[in-house]
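Spelled out from the first residue to the last, the chains are:
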Amino acid sequence: MHELPVISRVIDVCVRHARQNNARRILKIELQVGPFSDLEAEWMQRYFDHISKTTLAAGARLEIEKLPLIFRCAGCEHEFEVPLPDNGAAGAGLPEIICPECGGADCSCIAEKGYRIGNMEII
Ligand SMILES: [Zn+2]
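Calculation rules
Residues numbered from 1 in each chain as written. Predicted model: local features only at pLDDT ≥ 70, side-chain atom pairs only at ≥ 80, totals over all residues. Helix = DSSP H or I, 4+ residues; strand = E, 2+ residues; numbered from the N terminus. Expected span 1.5 Å × (residues − 1). Buried ≥ 20, exposed ≤ 12 C-beta atoms within 10 Å, placed from the backbone. Arc of directions from axis to C-beta. Contact = placed C-beta atoms within 7 Å. Pairing = 2+ DSSP bridges. Axes fitted to C-alpha atoms, helices over the stretch in contact; angles between N-to-C directions. Core = buried A, V, L, I, M, F, W, Y, C linked by C-beta atoms within 7 Å.

Draft legend 1. Representation of helix α1 (residues 3-20) in the model. Between its first and last C-alpha, α1 extends 26 Å over 18 residues, near the 26 Å set by a 1.5 Å rise per residue. Taken together, the buried positions of α1 are occupied by Ile-7, Val-10, Ile-11, Cys-14 and Ala-18. Down the axis, α1 shows its buried residues gathered within 100 degrees of arc, on one side only. Opposite its buried face, α1 presents the exposed residues Pro-5, Arg-9, Arg-16, Arg-19 and Gln-20, each directed more than 90 degrees away. Here the buried face of α1 lies against β1 (26-33), α2 (41-52) and β6 (115-122). With its phi angle positive at about 55 degrees, Asn-22 sits one or two positions after the end of α1.

This is how it looks when you write it as structure tokens:
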């Protein structure tokens, strides 16, 4: 159920943005979620359809994009992306993370659990 407050906030932000741009409708909203986010695309769209009904965003398509894992090396502070494991179980069964710059193994994940709004299409 925690998708609900996220979605209602996304709609607020997008509708405000659309109004500022004198848009009549929002067609598509791209939502980027962190690799550890457990927001479910199916529920997101379902809630979205429900809440956006009376807004400029009614009928808009919600596109969910998973952001990559970002690690930072404690040795040289280099930040790099690590591809998500195929099984989608982020955080479990990751290979050992080695810094591509200095070869250090003391790397920690800095990707956040949150989400952010990417592009949106308005008319
Ligand atoms: Zn390093």
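Draft legend 2. Molecular detail of the sheet that holds β6. Spatially, β2-β1-β6 is the arrangement adopted by the three strands of the open sheet, whose pairing is mixed. The sheet terminates laterally at β2 (61-66) and β6, the two strands that pair on one side only. Taken pair by pair, the neighbouring strands of this sheet meet at an average axis angle of 20 degrees, ignoring direction. Relative to β6, β1 is paired through six bridges, and the arrangement is antiparallel. Paired with Ile-29 across the strands is Met-120, a residue of β6. Of the strands in this sheet, β1 and β6 are in contact with α1, which crosses β6 at around 40 degrees.

Draft legend 3. Highlighting the nonpolar core. Ranked by size, the top nonpolar core spans 16 residues in total, and within it Ile-7, Val-10, Cys-14, Ile-26, Ile-29, Ala-57 and Leu-62 carry the most contacts. Counting only elements with at least two residues in this core, the list comes to α1, β1 and α2. Top contributing element to this core by residue count: α1, with five residues. Sequence-distant contacts of Ile-26, that is, excluding residues within four places in its chain, are made with Cys-14, Ala-18, Leu-56, Ala-57, Ala-60, Met-120 and Ile-122. Listed in part, the five residues of the second largest apolar core include Leu-69, Cys-73, Cys-99 and Cys-107.

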